[in-house]
Amino acid sequence: MKAHMITYGCQMNEYDTHLVQSQLVSFGADLVDSIDEADFVLVNTCAVRGKPVDKVRSLLGQLRKIKAQRPLVVGMMGCLAQLEEGQQMARKFEVDVLLGPGSLLDIGAALESNGRFWGLQFKDELHEHIPPSPTGRLQAHLTIMRGCDHHCTYCIVPTTRGPQVSRSPDDILRELDLQLAAGVQEVTLLGQNVNAYGVDGGARLAGYPSFADLLRMVGRSGVRRIKFTTSHPMNFTEDVAAAMAETPAVCDFVHLPVQSGSSRVLRRMAREYSRQEYLGHIAAIKKHLPNVVLATDIIVGFPGETEEDFQETLSLYDEVGFDSAYMFIYSPRPGTPSYKHFADLPRELKTERLQRLIVKQKEWSKLRNAGKVGTVQEVLLRGDAHSEGFLEGHTRGNHPTVVPRAVGADGAGMYPVLIGHSTPHMLYGQIVGADGQPLPEIPRLEPQAAALSSPLQMA
Ligand code: SAM
Ligand code: SF4
């Protein structure tokens, strides 16, 4: 069988795609790079906002057309598969295999079923499953928990992914060992609310460390860089900031979604913290980590958000001075309390506020990135950038960075980079040697020169 997977959504979905791909390979499938080559196409879906749902709908429409012309098995997995909305789509577009986020290990049974297979249960075996590490990757994701015990009024995740289940520290460390053996240098610990690790359903699990202690344990594994996402402010403790400060491998990078700067809006979102409490967490983080890089998520145009509320979001942005932000227009999701109870604001109003927020974000990102010019940053280069002759990667603070290929450092790896130039979204620099001086660049061929030296031109 030739299988092709398409992934929408967050890093947890990327992790799950890898998990299912490794299962497919173990059942004898070849993983192929395009729909055209495949006889099984599996779409990993996101249901958090309307946009990714629309994308899946349009893709399933295309796949149904292909299916009418040749044999093709179509599968859908992830958050949308768990919802009635997704199941209706599956019926309409003749999807054969449906796997909810808790049933991913049913992929084998689905393949054997030779027809329609729907797996929508939340199965415990998933939490103990350790997928093999991907080859040739310096970065890896590691899921430390699934699901979420919070009930933010706008969010569909608790419905799609179920209640929080923390993975055992032994399983996490075993998976990390495999990743290290495969050459991984940076691991990102994943969960909807990593700060609540080990406290499932409000009760601490016997033998499970706190998230701060898990960071310390992972820090002793020998991995060079540790990142984590996502932190919920409600469960963020100062001990996490202390653990970050005392564990050299943990990057000085915190993604702490605020969602809104207005306590009134936060209350309607059921976020369980106020503006002041959020700012208190930021102060504690900055106390322990003076050079911390801060990122956030913000939703604009939540039902009932007034201009005054929105101004509070803008002023909170200034007070914190975030390095970067993911900004979303509120998307009413069927099945959530805010969809049921609160009237949506006009689209134009939400779009206009988003534009103003983007201006604010760009100002701060420009300023923050400009502060890196002249410094040497440790950059994990992944490989080729879009422009020929350049490599791309990211710093410990998650800044995307581009460098020219250099003699002795022309591929993926961890390198010191002297930052020479910045934009709000990118750092540009040169790899430096042990003496702190830039390594000589590998000369780039001009297009004409390259064409002239090709055998065809010479003949
Ligand atoms: N668990 C994380 C937290 O609480 O911060 C976030 C997980 S959620 C999948 C990622 C982001 O999507 C949220 O932080 C929020 O900003 C955004 N989001 C979730 N539901 C949304 C909705 N209905 N409309 C717009 N944005 C939404
Ligand atoms: Fe959704 Fe809130 Fe849970 Fe995050 S904490 S996944 S926003 S319910």
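This is a predicted model, so every value here is computed, not measured.

A. Representation of the site of ligand 2 in the model. Residues in close proximity to ligand 2 include Cys-148, His-150, Cys-152, Tyr-154, Cys-155, Val-157, Pro-158, Gln-192, His-232 and Arg-271, which together make up its full environment. Across the shell around ligand 2, the residue classes tally to six nonpolar, three polar and one charged.

B. Summary view of the pattern of salt bridges. The tally for this structure, following the rule as stated, stands at 30 salt bridges. In this structure, Asp-106 and Lys-123 form a salt bridge, with 3.1 Å as the shortest nitrogen-oxygen distance. Taken as a pair, Asp-106 in the loop between strand E5 (97–99) and helix H5 (107–113) and Lys-123 in the loop between strand E6 (117–119) and helix H6 (125–128) lie far apart in primary sequence, 17 residues in all. By relative accessible area, Asp-106 is classed as buried at 11%. Between Glu-186 and Arg-225 there is a salt bridge, and its shortest N-O distance comes to 2.8 Å. Separated by 39 residues along the polypeptide, Glu-186 in strand E10 (residues 186–190) and Arg-225 in strand E13 (residues 225–229) bring together distant segments of the chain. No difference in accessibility class separates Glu-186 from Arg-225, as the two residues are buried. Taken together, the shared-partner salt bridges in this structure form one network comprising Glu-186, Arg-225, Lys-227, Glu-378 and Arg-396.

C. Geometry of the packing of aromatic side chains. Counted under the stated rule, the structure contains eight aromatic pairs. Where Tyr-317 meets Phe-322, the ring centres are 5.1 Å apart and the plane angle is 80°; that geometry is what we call edge-to-face. The aromatic ring of Phe-328 is capped on one face by Arg-49, whose charged end is 3.8 Å from the ring centroid.

D. Local environment of the sheet that holds strand E1 (residues 2–7). A sheet is described by the order of its strands in space; here six strands give the open sequence E2-E1-E3-E4-E5-E6, paired in parallel fashion. Edge positions in the sheet fall to strand E2 (30–31) and E6, since each has one partner strand and no second. Its contacts with the sheet put helix H1 (residues 11–26) on E1, E2, strand E3 (40–45) and strand E4 (73–78), and the angle it makes with E1 is roughly 175°.

E. Representation of the pairing of E13 in the model. Of all five residues in E13, five are buried, a share of seventy percent or more. A two-sided burial pattern is seen for E13, the buried positions comprising Arg-225, Lys-227 and Thr-229 on one face and Ile-226 and Phe-228 on the other. Two strands pair when backbone bridges link them, and E10 and E13 are joined in this way by five bridges, in the parallel orientation. Paired with Leu-189 across the bridge in E13 is Phe-228.

F. Expanded view of the environment of Glu-175. Turning to its location among the elements, Glu-175 is positioned in helix H8 (residues 169–181). Under the relative-accessibility criterion, Glu-175 is labelled buried at 2%. Separated by 33 residues in the primary sequence, Glu-175 and Leu-142 have C-alpha atoms spaced 7.7 Å apart.

G. Seen up close, the site of ligand 1. Around ligand 1 sit 17 residues in total, of which Gln-192, Pro-257, Gln-259, Asp-297 and Ser-331 are the nearest. Take Arg-271: an N or O atom from its side chain is 3.0 Å from an oxygen atom of ligand 1. Bound to the protein, ligand 1 loses 92% of the 560 Å² it would expose on its own. Residue assignment for the shell around ligand 1 shows that the elements contributing at least two residues are strand E15 (293–300) and strand E16 (324–329). Partitioning the shell around ligand 1 into residue classes produces eight nonpolar, five polar and four charged.

About the criteria used
- Residues numbered from 1 in each chain as written.
- Chains lettered and ligands numbered in written order.
- Predicted model: local features only at pLDDT ≥ 70, side-chain atom pairs only at ≥ 80, totals over all residues.
- Heavy atoms only, no water.
- Near = heavy atom within 4 Å.
- Nonpolar A, V, L, I, M, F, W, Y, C, P; charged D, E, K, R; others polar.
- Salt bridge = Lys/Arg side-chain N within 4 Å of Asp/Glu carboxyl O.
- Helix = DSSP H or I, 4+ residues; strand = E, 2+ residues; numbered from the N terminus.
- Buried < 20%, exposed > 50% of the residue type's maximum accessible area, 1.4 Å probe, protein only.
- Phe/Tyr/Trp six-rings, centres within 6.5 Å; stacked < 30°, edge-to-face > 60°.
- Lys NZ or Arg CZ within 6 Å of the ring centre and 35° of its normal.
- Pairing = 2+ DSSP bridges.
- Contact = heavy atoms within 4.5 Å.
- Axes fitted to C-alpha atoms, helices over the stretch in contact; angles between N-to-C directions.
- Polar contact = N/O pair within 3.5 Å; in protein donor to acceptor, adjacent residues only side chain to side chain.
- Areas by Shrake-Rupley, 256 points an atom, 1.4 Å probe, with all protein chains shown as cover.

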